[in-house]
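Secondary and tertiary structure notes
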Amino acid sequence: MSAAWLKKIVFVFILIAANANSYAQNVKAFAKLDSSAVLIGDQVHLKVSVELPASYILHWPALSDTLTKSIEVIARSKFDTVYSADRTNSTISQTLTLTCFDSGYFAIPPVAFMYQKPGDTTKRFAQTGPVMIMVRNLAVDTTAEFKDIKPPLKAPLTFREILPWLLLALGIMLLAGLGIYVYLRLKNKKALIVLPSKPKIPAHITALAELEKLRIAHLWQYGKTKEYHSRLSDILRTYIEGRFGVIAMEMITIDILETLALSGISTDDRDLLRKVLQMTDMVKFAKFEPLPDENDLAMKNAVAFVTRTKQEDKANGNSSATDKNSNEPVINE
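What you see is a predicted model, and the numbers here were worked out from it, not measured in a lab.

Conventions we followed
Position labels on residues start from 1 in each chain and follow its written sequence. Predicted model: local features are reported for residues with pLDDT of at least 70 only, side-chain atom pairs are reported and counted for 80 or more only, and whole-chain, interface and lining totals are derived from all residues. Excluding hydrogens and water, the side-chain figures rest on all heavy atoms present in the structure. In this text, helices come from DSSP runs of H or I with a minimum length of four residues, and strands from runs of E with a minimum of two, each type numbered from the N-terminal end. Accessibility here uses a 1.4 Å probe with only protein chains present; expressed as a share of the type maximum, an area under 20% marks a residue as buried, one over 50% as exposed, and anything in between as partly exposed. Contacts: residue pairs with any heavy atoms within 4.5 Å of one another. Per-residue and other accessible areas follow the Shrake-Rupley method at a 1.4 Å probe size, with only the shown protein chains counted as cover for residues. A helix is expected to span 1.5 Å for every residue after the first. Should DSSP find at least two bridges between two strands, the strands are regarded as paired. Every angle, taken between N-to-C directions, lies between 0 and 180 degrees, and every axis is a line fitted to C-alpha atoms, over only the stretch in contact when it is a helix. By convention, a stacked pair of Phe, Tyr or Trp rings (six-membered ring in the case of Trp) has centres within 6.5 Å and planes under 30 degrees apart, an edge-to-face pair has planes over 60 apart, and any other such pair is tilted. The labels follow the angle: roughly parallel below 35 degrees, roughly antiparallel above 145, roughly perpendicular from 65 to 115, and oblique for the rest. Less than a right angle of anticlockwise turn of the near helix away from the far helix marks a crossing as left-handed, whereas a clockwise turn marks it as right-handed. Here the nonpolar group is Ala, Val, Leu, Ile, Met, Phe, Trp, Tyr, Cys and Pro; Asp, Glu, Lys and Arg are the charged ones; every other residue, Gly included, is treated as polar. Residues qualify for a patch when their relative accessible area is over 30% and they have no salt bridge, like charges being joined within 9 Å and the nonpolar side chains of Val, Leu, Ile, Met, Phe, Trp and Tyr within 5 Å. Salt bridge, as used here: a side-chain nitrogen of Lys or Arg that lies within 4 Å of a carboxyl oxygen of Asp or Glu.

In terms of helices and strands, the protein chain carries seven helices and 11 strands. By the burial criterion, 27% of the 333 residues in the protein chain qualify as buried. Long-range contacts, defined as pairs at least 24 residues apart, comprise 61% of the intrachain contacts of the protein chain with a sequence gap of at least 6. In the form shown here, the protein chain has an accessible surface area of approximately 23,400 Å², with 61% of it arising from carbon and sulfur atoms.

Structure, rendered in structure tokens:
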């Protein structure tokens, strides 16, 4: 081989080396600890970063949870990318949180990054340098006096912890109250559950309904005159008890009329009642046989008495009874 050919071969190798060196100068990888010495079990942060042209394609290595047998990765930060002012270069970094439970000096191995130039399928690598870390044991003074282990600290009670006990106490109080209520009700022979009473039907509504039933029963038309007048008397007496509070079922006619006079019932209204009750008394006790018109008139007078003396409506201040000056006629014999 001639000297000229040898010079050409050397020149080519120099170009290749220079080209590779230029790529290497464009891409740099770094690894830095925030502390080179820590206590055993403490945490330390390792920042790994790569500087390269923004147009390059970077393949970040997949790091396992253990960098070495003794050094563990317990957390990883998100990737952080910073661009140069002209945005031609970028720095990509990630922070790893490490811990170690063995004491001594340990070397964190280099981290290799693969990258590619745009339009170039050649895969190139850049790696960090090894990083040393010292893990120390906690210093123990063997000459000092032994001390008891401190008891656990008492944490303050939270509302969530107290809530179950409050609910339990409330439940016990409710059960105790229920037990006392049941005991007292049973002791006094009262119902455990008091149902709301139905609204009382006004006496005049009941009386008018019963009078209408009696009218359409046609008792006196079928020869049951005594039964007809007996029921008519009972309806009026029941009405008087409910309307005026007079024990009319146990009183004779004259006593009923005298008592109603003290209640402010007008003479005309008492006269209506007198005519009906006297007629019913004569039929029941004297075996009097009234004429058909008299039977019919007794019914009309009873209806008129109930209508004229019915209870006033106190809710709206108006009288629900028929006004004494209304056009309804007072029926006489």
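There is more to say after this.
Moving on, we come to helix α7 (residues 292-309). The terminal C-alpha atoms of α7 lie 26 Å apart, and with 18 residues this matches the ideal 26 Å at 1.5 Å per residue to within 8%. Taken together, the buried residues of α7 touch α3 (203-217), α4 (225-244), α5 (253-262) and α6 (267-285).

This paragraph deals with the sheet that holds strand β4 (residues 57-59). Read across the sheet, three strands follow the order β4-β9-β10 without closing on themselves; strand pairing throughout is antiparallel. Every other strand in the sheet has two partners, leaving β4 and β10 (124-127) as the edge strands with one partner each. Ignoring which end each strand starts from, the neighbouring axes of this sheet average 30° apart. Two strands pair when backbone bridges link them, and strand β9 (residues 112-116) and β10 are joined in this way by four bridges, in the antiparallel orientation. Counted as the bridge partner of phenylalanine 113 is alanine 126 from β10.

Turning our eyes to something else, we now look at the sheet that holds strand β2 (residues 37-39). The three strands are arranged β2-β11-β8 in an open sheet whose pairing can be described as mixed. Two strands in the sheet have a free side with no partner beyond their single neighbour: β2 and β8 (104-108). Each neighbouring strand pair of the sheet contributes to a mean axis angle of 30°, computed without reference to strand direction. Pairing geometry for β2 and strand β11 (residues 131-136), over three bridges, is parallel. The residue bridging valine 38 from the neighbouring strand is valine 135, located in β11.

With that settled, the discussion passes to the packing of aromatic side chains. This model, assessed by the stated rule, comprises five aromatic pairs. Centroid distance tryptophan 60 to phenylalanine 113: 4.9 Å. Interplanar angle 65°. Geometry classified as edge-to-face. Highlighted residues: tryptophan 60 in the loop between β4 and β5 (71-76) and phenylalanine 113 in strand β9, separated in sequence by 53 residues. Classification of phenylalanine 113 as buried rests on a relative accessible area of 0%. Between tyrosine 239 and phenylalanine 305, the aromatic rings sit 6.1 Å apart at their centres with planes inclined by 90°, giving edge-to-face as the arrangement.

Here we take up the environment of glutamate 210. Mapping glutamate 210 onto the fold places it in helix α3. Through-space distance from the C-alpha of glutamate 210 to that of isoleucine 235 is 6.9 Å; in sequence the pair is 25 residues apart.

Before going further, it helps to spend a moment on the side chain of glutamine 116. Along the chain, glutamine 116 turns up in strand β9. For glutamine 116, a relative accessible area of 14% corresponds to the buried category.

A word on the packing of α4 against α6. The contact between α4 and α6 brings their axes to 9 Å, and the two run at 140°. Considering their axes alone, α4 and α6 lie oblique with respect to each other. Where α4 crosses over α6, the handedness of that crossing is left-handed. Taking contact as the criterion, the partners of Thr225, Lys226, His229, Ser230, Leu232, Ser233, Leu236, Arg237 and Ile240 in α4 are, on α6, Leu273, Val276, Leu277, Met279, Thr280, Asp281, Val283 and Lys284. For the contact of α4 with α6, the class distribution of residues is eight nonpolar, five polar and four charged.

A surface patch of nonpolar side chains, about 600 Å² in accessible area, is lined by Leu157, Phe159, Ile162, Leu163, Leu166 and Leu167. Relative to the elements of secondary structure, phenylalanine 159 occurs in helix α2 (residues 159-187). Take phenylalanine 159: its relative accessible area is 57%, and that puts it in the exposed class.

What follows concerns the pairing of strand β7 (residues 89-100). For β7, a buried count of nine out of 12 residues is recorded, marking the element as mostly surrounded by other parts of the structure. Here β5 runs beside β7; their pairing, made up of five bridges, is antiparallel. In the sheet register, isoleucine 71 faces β7, and the bridge partner there is cysteine 100. Relative to β7, strand β6 (residues 80-83) runs antiparallel, the two sharing four bridges. Following the sheet pairing, valine 82 is matched in β7 by threonine 91. If you look at the hairpin formed by β6 and β7, you'll find five residues sitting between the two strands, and arginine 87 has a positive phi there, around 60°.

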